[in-house]
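Structural characterization, general
The primary structure of each chain is shown beneath.
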Amino acid sequence: MPPESLTLKDGRQVLIRSLRAGDGVLLQTYIRALGASTDFILTFAGDVPELSSMEDRAKKAGLGEQYSMCAIDEGSGAIIACTSLVFQSRVKLAHAATLGTGVLPEWQGAGLGSSMLKRCIGDMCADPRIERIELSVVRGNDLAHGMYLRAGFVDEGCKVRSMRQPDGSYCDEIMMGLWVGPSRNE
């Protein structure tokens, strides 16, 4: 994916590009900050993957082996948002990809998440391997849930008490899906 500059609703500029080799520290810093800012993602600040794992993910994205798009604050050079897809490896599931996305709180509400989601969906519509995008959103994360609904995702079910927070409380996950392949009737 070629890098592109994006002007947000509030006038701030960000650079949208694929993750690439060397982004491991930036990615780890972003995930740590995002995890510390919300209970609505799987990772929390004390559970951040090792740097080698982050660098491996960035390297694979840079080589086109997986899909990971990030938004970079042009002022600081920091990753402020990321949208990634995990491609299924099993034959009967290989037409589907699982979406994960997040935007740091100080960058939310300016259209960044929606812009990245729209770009991701467009990229998957053009990828002949992918016919379905799936995701889960934590019940109560109304901003993200609304964004996914506006993008065309539909609620498909609920996993009750599927996440246990570090404080011992439980959260439900709403399962969502979007068909991006040929017509279902084909």
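Above: the structure in question.
Residues numbered from 1 in each chain as written. Predicted model: local features only at pLDDT ≥ 70, side-chain atom pairs only at ≥ 80, totals over all residues. Heavy atoms only, no water.

Remarks on the nonpolar core
Within the largest apolar cluster, 47 residues are counted, with the highest numbers of intra-cluster contacts made by Leu 99, Leu 112, Ile 133, Tyr 148 and Phe 153. Among the elements that make up this core, the one with the highest residue count is helix α3 (residues 112-125) (six residues). Beyond its immediate stretch of four places on either side in the chain, Tyr 148 contacts Leu 99, Thr 101, Leu 117, Leu 135, Val 137, Phe 153 and Met 176. (Core = buried A, V, L, I, M, F, W, Y, C linked by side-chain atoms within 4.5 Å. Buried < 20%, exposed > 50% of the residue type's maximum accessible area, 1.4 Å probe, protein only. Helix = DSSP H or I, 4+ residues; strand = E, 2+ residues; numbered from the N terminus. Contact = heavy atoms within 4.5 Å.)

Quick look at the pattern of salt bridges
One pass over the full model with this rule turns up nine salt bridges. A salt bridge links Arg 129 to Asp 127; its shortest N-O distance comes to 2.6 Å. Classification of Asp 127 as buried rests on a relative accessible area of 13%. One network of salt bridges, in which partners are shared, links Glu 4, Arg 119 and Asp 123. (Salt bridge = Lys/Arg side-chain N within 4 Å of Asp/Glu carboxyl O.)

A short note on the packing of aromatic side chains
Enumeration according to the criterion identifies one aromatic pair in this entry. A ring pair is formed by Tyr 148 and Phe 153, whose centres lie 5.8 Å apart and whose planes are at 70°; its orientation type is edge-to-face. It is Arg 12 that lies over the ring of Trp 107; its NZ or CZ is 3.9 Å from the centre. Geometry around Phe 87 places Arg 129 over its ring, the cationic atom sitting 4.8 Å from the centre. (Phe/Tyr/Trp six-rings, centres within 6.5 Å; stacked < 30°, edge-to-face > 60°. Lys NZ or Arg CZ within 6 Å of the ring centre and 35° of its normal.)

What to know about the layout of surface pockets
Estimated volume of the largest pocket: approximately 1400 Å³. Together, 49 residues line the largest pocket, and Ile 41, Gly 100, Thr 101, Gly 102 and Tyr 148 are the ones closest to its centre. Taken together, the elements giving at least two residues each to the lining of the largest pocket come down to α1 (24-37), α2 (51-62), β4 (79-87), β5 (96-103), α3, β6 (132-138) and α4 (142-150). Here the lining of the largest pocket is built from residues that sort into 27 nonpolar, 18 polar and four charged. (1 Å grid on protein atoms, 1.4 Å probe; cavity = no way out; pocket = protein on both sides within 12 Å on 5 of 7 lines; lining within 4 Å. Points joined across faces, edges and corners; volume = space filled by probe spheres on them. Nonpolar A, V, L, I, M, F, W, Y, C, P; charged D, E, K, R; others polar.)

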